[in-house]
Amino acid sequence: MQTILLAVGAYDLIVPLSGAVICAITVIALYRLAFRNAPENPDDSVSPSNDTDAPEELLRRWLARTNFTISWADGTRRDWDLHLRPILAREFEGSFRVRAHGNRDQYQATGLALFGPELWEWVDASRVAPKTRTQDPAEQPGPGLPVLAEILTRLERS
């Protein structure tokens, strides 16, 4: 999305659109958290249809992908490292126009200022847990949905 906006020259739309995406993810995460124990309705299943461009179908698919992505928050550290950390790092880099492979000091300082050391640990792309002989990252718990919600809230506010 950012490359399209940059090609068009709409630099001033990058932050609002990124904020809108983060806001949507936050709303979905909170909605899912509120209705976590509600029984699923079998009528909500996605059935294949010939009209794949229907707005309802596109929205349903987007919501399914978003819910699937959010479900990794309560998984293990490996789940977080593989599925959520890259998305959060990309959103952070795009919102602040800093790159991990560019000026590393500026990247770290911006991340620490925005998130603090506790949350930055879960966004920083260089903090993927290495597998050691004694402890596999798959066995370590991830930070959970509350940490994801707080990270998204801070990204949205910035």
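Data block above holds the structure.
Thresholds applied
Residues numbered from 1 in each chain as written. Predicted model: local features only at pLDDT ≥ 70, side-chain atom pairs only at ≥ 80, totals over all residues. Heavy atoms only, no water. Salt bridge = Lys/Arg side-chain N within 4 Å of Asp/Glu carboxyl O. Helix = DSSP H or I, 4+ residues; strand = E, 2+ residues; numbered from the N terminus. Buried < 20%, exposed > 50% of the residue type's maximum accessible area, 1.4 Å probe, protein only. Polar contact = N/O pair within 3.5 Å; in protein donor to acceptor, adjacent residues only side chain to side chain. Phe/Tyr/Trp six-rings, centres within 6.5 Å; stacked < 30°, edge-to-face > 60°. 1 Å grid on protein atoms, 1.4 Å probe; cavity = no way out; pocket = protein on both sides within 12 Å on 5 of 7 lines; lining within 4 Å. Points joined across faces, edges and corners; volume = space filled by probe spheres on them. Nonpolar A, V, L, I, M, F, W, Y, C, P; charged D, E, K, R; others polar. Axes fitted to C-alpha atoms, helices over the stretch in contact; angles between N-to-C directions. Parallel < 35°, antiparallel > 145°, perpendicular 65-115°, else oblique. Left-handed = near helix turned anticlockwise from the far one by under 90°. Contact = heavy atoms within 4.5 Å. Core = buried A, V, L, I, M, F, W, Y, C linked by side-chain atoms within 4.5 Å. Patch = residues over 30% accessible without salt bridge, like charges linked within 9 Å, V, L, I, M, F, W, Y side chains within 5 Å. Areas by Shrake-Rupley, 256 points an atom, 1.4 Å probe, with all protein chains shown as cover.

Peer 1: Run through the pattern of salt bridges, naming residues and quoting values.
Peer 2: This structure, assessed with the given rule, holds 9 salt bridges. With its nearest N and O atoms 3.7 Å apart, the salt bridge here joins R77 to D81. Placement of both R77 and D81 in helix α4 (residues 77–96) is noted, with a separation of 4 residues, approximately one turn of the helix. Considered together, R77 and D81 belong to a single accessibility category, that of buried residues. The partner of R99 in a salt bridge is E93, with the nearest N and O atoms 3.7 Å apart. Given the relative accessible area of 14%, E93 is considered buried. Connected via shared salt-bridge partners are R77, D81, R85 and E121.

Peer 1: An account of the side chain of T110 is requested, with residue identities and associated values reported.
Peer 2: Relative to the helices and strands, T110 is located in helix α5 (residues 104–120). Looking at T110, its side chain comes within polar contact range of the main-chain oxygen of Q106, at 2.8 Å.

Peer 1: Describe in detail the packing of aromatic side chains, supporting the description with residues and values.
Peer 2: A complete count under the given rule lists 8 aromatic pairs for this structure. Between F92 and Y107, the ring centres sit 5.5 Å apart and the planes meet at 70°, which makes this aromatic pair edge-to-face. Of this pair, F92 sits in helix α4 while Y107 sits in helix α5; the two residues are 15 residues apart in sequence, bridging distant segments of the chain. Since its relative accessible area comes to 0%, Y107 is described here as buried.

Peer 1: Just give me the short version of the layout of surface pockets, but keep the residues and values in it.
Peer 2: Roughly 470 Å³ of internal volume is contained in the second largest pocket. Looking at the second largest pocket, it is lined by 21 residues, and the ones nearest its centre are V21, I25, I87, R90 and E91. For the lining of the second largest pocket, the secondary structure elements donating two or more residues are α2 (14–34), α3 (55–70), α4 and α6 (145–157). Among the residues forming the lining of the second largest pocket, the class breakdown is 11 nonpolar, 5 polar and 5 charged.

Peer 1: Describe the packing of α4 against α5, with residues and values.
Peer 2: α5 packs onto α4 with a crossing angle of 140° between their chain directions and a minimal axis gap of 11 Å. Classified by the angle their axes make, α4 and α5 are oblique. Note on packing geometry: the crossing formed by α4 with α5 is right-handed. In this structure, α4 uses A89, F92, E93 and F96 to contact α5, whose residues at the interface are Y107, T110, G111, L114, F115 and W120.

Peer 1: So what's going on with the nonpolar core? Which residues, and what values?
Peer 2: One broad trend across soluble globular proteins is that nonpolar side chains are buried collectively. Among the nonpolar cores identified, the biggest contains 26 residues, and W80, L88, F92, F115, L148, I151 and L155 are the most heavily contacted of them. Counting only elements with at least two residues in this core, the list comes to α2, α4, α5 and α6. When residues of this core are assigned to their parent elements, the largest contribution, 6 residues, is made by α6. Once residues lying within four places of it in the same chain are set aside, the contact partners of L148 are I70, A73, W80, L84 and L88.

Peer 1: Tell me what's going on with a nonpolar patch on the surface, and back it up with residues and numbers.
Peer 2: On the surface, L59, W62 and L63 cluster together into a nonpolar patch covering about 240 Å² of accessible area. Mapped onto the elements, W62 comes out in helix α3.

Peer 1: Lay out the environment of R85 in plain terms, naming residues and giving numbers.
Peer 2: Structurally, R85 is set in helix α4. R85 gets classed as buried once you look at its relative accessible area, which sits at 1%. For R85, the contacting residues outside a window of four places in its chain are R77, W80, E121, W122, V123, D124, A125, R127 and V128. A polar contact is formed between the side chain of R85 and the side chain of D81, at a distance of 2.7 Å.

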